[in-house]
Number of protein chains: 2
Amino acid sequence: MDIAFVLYPDMTALDLIGPYDVLGHAPDVTPHFVAATLDPVRCDAGLLITPTTTFESMDRADVIVVPGGKPYDVLADGTVTTWLRKVHPTATWTTSVCTGSTLLAAAGVLEGKRATTHWAMRDLLASLGAEVSTDRVVRDGQVITGAGVSAGIDMALTLAGILWGDTLAQGLQLAIEYDPEPPYDSGSVEKASPEVVNLIRGLLVNDFSADRN
Amino acid sequence: MDIAFVLYPDMTALDLIGPYDVLGHAPDVTPHFVAATLDPVRCDAGLLITPTTTFESMDRADVIVVPGGKPYDVLADGTVTTWLRKVHPTATWTTSVCTGSTLLAAAGVLEGKRATTHWAMRDLLASLGAEVSTDRVVRDGQVITGAGVSAGIDMALTLAGILWGDTLAQGLQLAIEYDPEPPYDSGSVEKASPEVVNLIRGLLVNDFSADRN
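Computed from a prediction, not measured in an experiment: that's the story for all the values here.

Side note on the sheet that holds strand β5 (residues 53–54) of chain A
Residues and elements named next belong to chain A. Here seven strands make up an open sheet; going across it, the order is β5-β2-β1-β6-β7-β11-β10 and the pairing mixed. Of all strands in the sheet, those with a lone pairing partner are β5 and β10 (137–140), marking the two edges. The pairing of strand β1 (residues 2–6) with strand β6 (residues 63–66) spans three bridges and is parallel. Bridging across to β6, A4 finds its partner in I64. In the packing of helix α1 (residues 13–23) onto the sheet, the strands contacted are β1, β2 (30–35), β6 and β7 (93–97), and the crossing angle to β1 comes to about 165°.

What to know about the relation of the copies chain A and chain B
Expressed as a screw transformation, the operator carrying chain A onto chain B has a rotation angle of 180° and an axial translation of 0.0 Å, and the superposed copies differ by an RMSD of 0.0 Å. Within this description, the copies of the chain are treated as partners about a two-fold rotation axis. Closest approach to the rotation axis within chain A is made by the C-alpha atom of I49 of chain A, at a distance of 2.4 Å. Both copies present the same face, since 100% of the interface residues in chain A are matched by interface residues at the equivalent positions in chain B.

Some points on the environment of A45 of chain B
Inspection of the secondary structure assignment puts A45 of chain B in the loop between β3 (41–42) and β4 (48–49). When near neighbours in sequence (up to four residues on either side) are disregarded, A45 of chain B contacts Y20, D21, G24, H25 and P31 of chain A.

As for helix α6 (residues 151–164) of chain B
All names here are of chain B. For α6, spanning 14 residues, the distance from its first C-alpha to its last is 20 Å, which sits close to the expected 20 Å at 1.5 Å a residue. Of all 14 residues in α6, ten are buried; the element is thus mostly enclosed. Residues of α6 that are buried in the fold lie against α1 (13–23), β7 (93–97), β10 (137–140), β11 (143–146) and α7 (166–175). In the segment just after α6, G165 is the residue with positive phi, at about 95°.

Comments concerning the pairing of strand β1 (residues 2–6) of chain B
Residue and element names in this part refer to chain B. With four of its five residues buried, β1 lies for the most part within the structure. With five bridges joining them, β1 and strand β2 (residues 30–35) adopt parallel strand pairing. Bridging across to β2, D2 finds its partner in T30. Once you follow β1 into α1 and on to β2, the crossover reads as right-handed.

Considerations on the interface of chain A and chain B
Contact residues are listed per partner, giving 61 residues for chain A and 61 residues for chain B. Those elements giving two or more residues to the side of chain A that touches chain B turn out to be α1, β2, β4 (48–49), α6 (151–164), α7 (166–175) and α8 (194–209) of chain A. Sorting elements by how many residues they give to the side of chain A that touches chain B places α7 of chain A first, with eight residues. Across the side of chain A that touches chain B, the residue classes break down as 33 nonpolar, 19 polar and nine charged.

Some remarks on the packing of α6 of chain B against α7 of chain B
Residues and elements named next belong to chain B. α7 packs onto α6 with a crossing angle of 145° between their chain directions and a minimal axis gap of 7 Å. Considering how the two elements wind past one another, α6 and α7 form a crossing that is right-handed. On the side of α6, the interface is formed by L157, A160, G161 and W164, while α7 contributes D166, L168, A169, L172 and Q173. Class assignment for the residues of the contact of α6 with α7 results in six nonpolar, two polar and one charged.

Description of the sheet that holds strand β6 (residues 63–66) of chain B
Residue and element names in this part refer to chain B. Within the open sheet, the seven strands sit side by side as β5-β2-β1-β6-β7-β11-β10. Their pairing is mixed. Looking at which strands have only one partner, the edges of the open sheet turn out to be β5 (53–54) and β10. Note that β10 and β11 share four bridges and pair antiparallel. Along β11, the bridge assignment pairs V137 with G146. Against the sheet, α1 engages β1, β2, β6 and β7, with an angle of about 165° to β1.

Notes on unusual backbone geometry
Trans is the prevailing form of peptide bonds, just as negative phi is the prevailing case for residues other than glycine. Phi angles above zero are rare outside glycine, and V149 of chain A is one such case at about 40°. Among the structural elements, V149 of chain A can be located in the loop between β11 (143–146) and α6. With 27 C-beta atoms packed within 10 Å, V149 of chain A lands in the buried category. Not every positive phi belongs to a glycine, and C98 of chain B is a case in point at roughly 60°. In this structure C98 of chain B comes out as buried when scored by C-beta crowding, with 32 C-beta atoms within 10 Å.

Conventions adopted
Residues numbered from 1 in each chain as written. Chains lettered and ligands numbered in written order. Predicted model: local features only at pLDDT ≥ 70, side-chain atom pairs only at ≥ 80, totals over all residues. Pairing = 2+ DSSP bridges. Helix = DSSP H or I, 4+ residues; strand = E, 2+ residues; numbered from the N terminus. Contact = placed C-beta atoms within 7 Å. Axes fitted to C-alpha atoms, helices over the stretch in contact; angles between N-to-C directions. Least-squares fit on C-alpha atoms with pLDDT ≥ 70 in both. Expected span 1.5 Å × (residues − 1). Buried ≥ 20, exposed ≤ 12 C-beta atoms within 10 Å, placed from the backbone. Right-handed = clockwise from strand over helix to strand, strands pointing away. Nonpolar A, V, L, I, M, F, W, Y, C, P; charged D, E, K, R; others polar. Left-handed = near helix turned anticlockwise from the far one by under 90°.

Dropping the structure here:
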């Protein structure tokens, strides 16, 4: 099973690495890290990931995982969405985490489908034609989308259960000891205080939109 | 604030990328990815991370984050533990995720301290002289350890609260939308079924111990 983990500049690494460390250890999985070139890709807080293949070289995948990042930049660039249009029809499962769903929408993958995204980017996803859900993980047909960043772990465990059954999926959860105990209860926009929401909305909107200036 | 994210071959990427995407976006943080050389480091399921500096070049850090991996290999090699002995005295906080705590123990950082690790490696941590806790996050003095893999997110949010206060830590939780909804409840050895525990214990012990063959 070939899994394509998509890389692009200023992506959020955890969006991708959560699903990678859930799915990548399963038997018979070959992970591919695919980008525009083989040069290291700089993530949004400085991590450098080295691709193993390029968009030009990879023309099929069994599973595609698209992380989030600065969507306006990536949409304007068009490289990722062009590749998604080419490879999505070959995939059994196409998935995204965070604003990765906006790239799926722009590539036509979410036409008539429900999908989720980072809480601060729901309007953008709606403007691209998807039916926006506020759920953490949304499956519609052969497409599974996860909400912001850490939701990729829940998305990938959901996919693991579909692909390989509950026992192995539960084992993968145990292997990464995913028994969360967040020290705070402010992980959703509904639960965080208005002070915290405003603080982060301001930072994120600047961040997501920096490319529009 | 200089944060050293330690890299070594066959490490588990999510151990490191959870804390990186919690701590790395905070104001005034400079993340450093430090390894034996500047060549890409291959993680245990194939991800390649490119270091930004080397153990030889980096002789101080404000915060150190040590991920887990194949501990017997890394202990036998000695490169990481030698570096930890040099740099730990310069750090305000020394932290680990998963079997990273066994490297802290071998470097003398956990002498007389409580610490946690991946559930399958508690015996190894005890054999290295630490007082083993089964808690998900353990703080003892200026050292914070997290349990297996995904516990790094909880560890890092705990540290963020200490470093920057509850409001920013809650904001960082909201930014990564960390409101977990695991599709299964098998994330700890106490909660998973015996069938699942046996499946994974067999796989992990082979994996952790492959270097001993």
